[in-house]
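# Working through the structure, step by step
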Amino acid sequence: MAVKKFATHLWFDTQAEAAAKLYTSLFENSQIDRLIKAPEGIPDTKVGSVFIVELTIMGQNYIFLNGGPQFPFDSQVSLYVLCEDQADVDKYWEALLADGGKPVQCGWLTDKFGLSWQIIPKQLEELMSDKDPAVVNRVTAAMMKMVKLDVAGLEQAAKGD
């Protein structure tokens, strides 16, 4: 297996493998590449338990570490998922909220592991790039009132409806 020269590293308490299984089952072009077991000498870690998970999510490299509760996630770091349409938004939104996730605002949510996600339809990016500042202002105002983003609502706001 090739050494990953660049990867996003995420610190979990004890749920690295469970998170990797969820994320790789949800996103295309994703797989768990390697599990590394804990050697002796890791504080608060059972020898032989999963310590590091190397994985690929949508073609990007990640390393998940079971490092204990010292460094919980916060919303300063989030994973951004650009969705094709409302059906994609709904699919990812529901799956990532399952079993204890929490909706936030403007397409953000926190999953059951405490990791923040942005579930964004490509239509929002397109509408926010409109040359007319009035369109951008209306879309922004509509987005700020939403929790899960609604493509039809964003498109109506762009039209001034």
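Structure's up top.
A brief report on the enclosed structure follows. Keep in mind it's a predicted model, so treat the numbers as computed, not measured. (Residues numbered from 1 in each chain as written. Predicted model: local features only at pLDDT ≥ 70, side-chain atom pairs only at ≥ 80, totals over all residues. Heavy atoms only, no water.)

This next bit is on the environment of Pro69. Considering the arrangement of structural elements, one finds Pro69 in the loop between β4 (60-66) and β5 (78-83). Pro69 sits in the exposed class, given a relative accessible area of 62%. Considered as a pair, Pro69 and Trp11 are 58 residues apart in the sequence and their alpha carbons are 8.9 Å apart. (Helix = DSSP H or I, 4+ residues; strand = E, 2+ residues; numbered from the N terminus. Buried < 20%, exposed > 50% of the residue type's maximum accessible area, 1.4 Å probe, protein only.)

Looking now at the state of the cysteines. This model, assessed by the stated rule, comprises 0 disulfides. Between Cys83, a cysteine without a disulfide, and Cys106, which holds the nearest cysteine sulfur, the sulfur-to-sulfur distance is 15 Å. Of the residues examined, Cys83 reaches a relative accessible area of 1% and is grouped as buried. Judged by relative accessible area, which is 13%, Cys106 ranks as buried. (Disulfide = S-S within 2.5 Å.)

This part is about the packing of aromatic side chains. Applying the stated criterion across every chain, the model contains 10 aromatic pairs. Aromatic pair Phe12 and Phe64: ring centres 4.7 Å apart, planes at 45°, arrangement tilted. Of this pair, Phe12 sits in strand β1 (residues 8-12) while Phe64 sits in strand β4; the two residues are 52 residues apart in sequence, bridging distant segments of the chain. Phe64 shares its class with Phe12; the two are buried. With 6.1 Å between their ring centres and 90° between their planes, Tyr23 and Phe113 make a pair best called edge-to-face. Here the residue Tyr23 occupies a position in helix α1 (residues 16-26), and Phe113 occupies one in the loop between β7 (108-110) and β8 (116-121), the gap between them amounting to 90 residues. Comparing Tyr23 with Phe113, the two get one shared label, buried. Grouping aromatic residues by their ring pairs yields a cluster made of Phe12, Tyr23, Phe27, Tyr62, Phe64, Phe73, Tyr92, Phe113 and Trp117. (Phe/Tyr/Trp six-rings, centres within 6.5 Å; stacked < 30°, edge-to-face > 60°.)

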